[in-house]
Amino acid sequence: MLRPQIKLNAKKEIYVPGDKSISHRSVLFCALSQGKSEIHGFLEGEDPLHTLHCFESMGLSVSSLGKGSYAVVSPGKHNLKSPKGVLDFGNAGTGIRLSAGLLAGLPGIEATLTGDASLCKRPMARIMNPLKEMGAEIRSIDGNDRAPLHIQGKQLKDYSYESTIASAQIKSALVLAALASGISIEYKESEVSRDHTENMIRFLGGNIIHHSPVHFTVKPPYQFEGTKYVIPGDISSAAFYIVFGLCAGGSEPLLVKNIGLNPSRIGILTVLHNMGGKIEIVAKRVECGEEIGDLLVYPSQLKRTVITEDLIPSIIDEIPILTIAGLFSEGGFQISHAEELRAKESDRIQSMVSNLEKLGVKVNETKDGYEFGEIQTIQSTKIETYMDHRIAMSFAILSKLSGVALSFDDTSWVDTSFPGFFEILESM
Ligand code: S3P
């Protein structure tokens with residue numbers, strides 16, 4: 001396996017920016033709640049800022065209260081107005097899919113939603129088809145089930161849906177449509193996907209009846225009022241430095257502070273533990289219905305493990321950086337059952353495999369994953385990021401750990417989710 005060229009011999013603590021999933025949702029729930037809310041710990045990355053600006057153009061009044069903090073006043077969901085221009089969600093699948101659901105359920109709203117070249121390649125039929133069954137008027141302007149999407153908001157009807165894809169974006173788009181239209185929705189998924197939307201409904205006093213861990217019903221009334229959201233650090237961003245701390249040599253742990261530890265997001269900790277990584281959770285607490293803690297990450301010798309299918313939804317965003325951990329592991333790395341990776345900001349199976357091959361790694365690609373054996377060396381190359389922040393950050397961590405110089409076609413994508421990523425890397 002690769003040997004780290006960096007050693008952690010002094011205690012170090014870092015903070016990562018706010019959770020991206022919760023930041024998007026905080027804006028949407030502010031819009032659904034009449035009156036004044038406050039958001040603290042908001043991720044000021046391009047993705048959630050796009051969502052914030054889109055809803056500002058529909059009548060949310062937003063003022064800054066300092067770094068990551070905003071006061072947001074909503075006129076109430078029925079008083080949101082159609083935007084004058086096209087709503088641009090940039091690179092953000094969560095932003096466009098969740099907002100599409102919410103707007104589709106608001107009678108009288110008319111909007112066109114779009115994004116950058118990466119977003120306009122991503123599949124939208126997964127939300128459009130069930131939304132249409134609910135009574136929504138949503139269509140792809142180019143007729144290809146991709147953005148740009150045109151929505152004419154409608155009063156939707158009670159709905160029951162069973163999704164074959166374990167996707168929090170599909171689940172949340174449909175639930176937000178139901179909240180907007182004031183109807184009930186019964187939802188069943190194949191595996192538990194992240195449940196921040198459900199947590200926020202409960203936090204706001206809404207009613208969710210769970211029939212099983214993957215099956216629930218949400219029922220009106222939805223009389224949400226403005227409140228205060230406190231958003232923890234994003235475990236998907238922390239993951240880059242968790243892997244860094246484990247794979248670096250030396251003797252001292254890295255302390256990663258104030259991280260969201262929602263049980264549907266911590267598959268990364270399970271997988272790294274199974275790989276032999278030592279991570280301790282300290283200072284556990286709950287804020288706005290979400291579990292939070294600090295992570296003590298100790299330099300550890302990692303080894304290959306089997307990643308089972310049930311873990312995939314909870315590590316879906318962390319597979320690129322887990323792959324980098326695999327380069328430092330005895331026995332290499334394997335991932336399967338992860339075809340959903342092909343529908344992310346880039347086709348992450350192809351993006352990882354092609355870049356690993358450029359490094360000289362012999363990789364076997366399959367339909368739903370890839371595999372490589374124990375690695376001894378890698379060579380310097382130019383990484384193609386494919387407009388994908390997590391591809392850029394994963395290989396930047398690899399370069400720092402291994403001491404092998406890597407150049408990049410474009411690292412600006414990092415700002416979609418993790419402003420300050422390179423400053424932390426520099427400080428290591
Ligand atoms: C997200 C859900 C996941 C994840 C994305 C954020 C969310 O997507 O990959 O980064 O906030 O709901 P899917 O639900 O499509 O798997």
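Identification of the protein as 3-phosphoshikimate 1-carboxyvinyltransferase from Leptospira kemamanensis is taken from an unreviewed UniProt entry. One UniProt comment on the protein, placed under Subcellular location (unreviewed entry), says "Cytoplasm". Listed in UniProt under the heading Sequence similarities (unreviewed entry), the comment for the protein reads: "Belongs to the EPSP synthase family."

Asker: Looking at this structure, I do not really get the site of the ligand. What am I missing?
Answerer: Taken together, the residues surrounding the ligand are Lys20, Ser21, Arg25, Thr94, Ser167, Ala168, Gln169, Arg194, Ile316, Asp317 and Lys344. Within the contact set of the ligand, an oxygen atom lies 2.9 Å away from a side-chain nitrogen or oxygen of serine 167. In the environment of the ligand, an oxygen atom lies 2.9 Å from a nitrogen or oxygen atom belonging to the backbone of glutamine 169. For the ligand, the accessible surface in isolation is 390 Å², of which the surrounding protein chains cover 95%. Within the residue set of the shell around the ligand, elements represented by two or more residues are helix H1 (20-32) and helix H5 (168-181). Among the elements that line the shell around the ligand, the one with the most residues is H1, at three residues. Here the shell around the ligand gathers at least three residues from each of two domains, domain 1 (7-17 + 232-427) and domain 2 (20-230).

Asker: Would you mind going over the packing of helix H3 (residues 93-104) against H5 with me for this structure?
Answerer: Two quantities define a packed helix pair, namely the angle between the helix axes and the distance between the axes. At a minimum axis distance of 6 Å, the contact between H3 and H5 shows a crossing angle of 30°. The pairing of H3 with H5 is recorded here as roughly parallel in orientation. The element H3 and its partner H5 pack so that their crossing is right-handed. Facing Gly93, Thr94, Arg97, Leu98, Gly101 and Leu102 of H3, the residues of H5 in contact are Gln169, Ser172, Ala173, Leu176, Ala177 and Ala180. When its residues are assigned to classes, the contact of H3 with H5 shows six nonpolar, five polar and one charged.

Asker: In this structure, what is going on with the environment of isoleucine 335? I would like to understand it.
Answerer: Within the secondary structure, isoleucine 335 is located in strand E21 (residues 333-335). Spatially, the C-alpha atom of isoleucine 335 lies 8.0 Å from that of valine 306, the residues being 29 residues apart in sequence.

Asker: Sorry, what's going on with the packing of aromatic side chains here?
Answerer: The geometry of an aromatic ring pair comes down to the distance between the two centres and the angle between the two planes. Evaluation of the coordinates by the stated rule reveals 15 aromatic pairs. Aromatic pair tyrosine 241 and phenylalanine 421: ring centres 5.6 Å apart, planes at 45°, arrangement tilted. You can see tyrosine 241 sitting in helix H7 (residues 235-247) and its partner phenylalanine 421 sitting in helix H13 (residues 421-427), a full 180 residues away along the chain. Note on accessibility: tyrosine 241 and phenylalanine 421 belong to one class, buried. Taken together through their ring pairs, the aromatic side chains of Phe240, Tyr241, Phe244, Phe418, Phe421 and Phe422 make up a single cluster.

Asker: I keep staring at the domain arrangement of the protein and nothing clicks. Help me out?
Answerer: Much of the literature gives interface size as the accessible area that the parts lose upon coming together. For the protein, the assigned domains read domain 1 (7-17 + 232-427) and domain 2 (20-230). Between domain 1 and domain 2, the C-alpha centre-to-centre distance is 28 Å. Contacts between the two partners involve 26 residues from domain 1, matched on the other side by 29 residues from domain 2. The interface formed by domain 1 and domain 2 contains three salt bridges. Salt-bridge contacts for arginine 126 lead to glutamate 340; the nearest nitrogen and oxygen are separated by 2.9 Å. Our enumeration of links across domain 1 and domain 2 arrives at 16 residue pairs in polar contact (both at pLDDT 80 or more).

Asker: Even after reading the chapter, I still don't get the sheet that holds strand E12 (residues 207-212), so can you show me in this structure?
Answerer: The strands making up a sheet are joined through hydrogen bonds of the backbone, oriented either antiparallel or parallel. Taken in spatial order, the four strands make up an open sheet running E10-E11-E13-E12, and their pairing is mixed. Where the open sheet ends on each side, the last strands, each with one partner, are strand E10 (159-162) and E12. Adjacent strand axes in the sheet meet at a mean angle of 15°, parallel and antiparallel pairs treated alike. In the sheet, strand E11 (residues 185-188) pairs with strand E13 (residues 215-219) via four bridges, with the strands oriented antiparallel. Looking across to E13, one finds that lysine 188 is bridged to histidine 215. Across the sheet, H5 is in contact with E10, E11 and E13; its angle to E11 comes to roughly 175°.

Asker: What is the right way to look at the packing of helix H4 (residues 125-133) against H5 in this model?
Answerer: Between H4 and H5, the shortest axis-to-axis distance is 10 Å and the interhelical angle comes to 30°. Between H4 and H5, the interaxial angle falls into the category roughly parallel. Where H4 crosses over H5, the handedness of that crossing is right-handed. Residue-level contacts link Arg126, Ile127, Pro130 and Leu131 of H4 to Gln169, Ile170, Ala173, Leu174 and Ala177 of H5.

Quick notes on the rules
- Residues numbered from 1 in each chain as written.
- Predicted model: local features only at pLDDT ≥ 70, side-chain atom pairs only at ≥ 80, totals over all residues.
- Heavy atoms only, no water.
- UniProt positions renumbered as here; feature names shortened; annotations may be inferred.
- Near = heavy atom within 4 Å.
- Polar contact = N/O pair within 3.5 Å; in protein donor to acceptor, adjacent residues only side chain to side chain.
- Areas by Shrake-Rupley, 256 points an atom, 1.4 Å probe, with all protein chains shown as cover.
- Helix = DSSP H or I, 4+ residues; strand = E, 2+ residues; numbered from the N terminus.
- Domains from an automatic or database assignment.
- Axes fitted to C-alpha atoms, helices over the stretch in contact; angles between N-to-C directions.
- Parallel < 35°, antiparallel > 145°, perpendicular 65-115°, else oblique.
- Left-handed = near helix turned anticlockwise from the far one by under 90°.
- Contact = heavy atoms within 4.5 Å.
- Nonpolar A, V, L, I, M, F, W, Y, C, P; charged D, E, K, R; others polar.
- Phe/Tyr/Trp six-rings, centres within 6.5 Å; stacked < 30°, edge-to-face > 60°.
- Buried < 20%, exposed > 50% of the residue type's maximum accessible area, 1.4 Å probe, protein only.
- Salt bridge = Lys/Arg side-chain N within 4 Å of Asp/Glu carboxyl O.
- Pairing = 2+ DSSP bridges.

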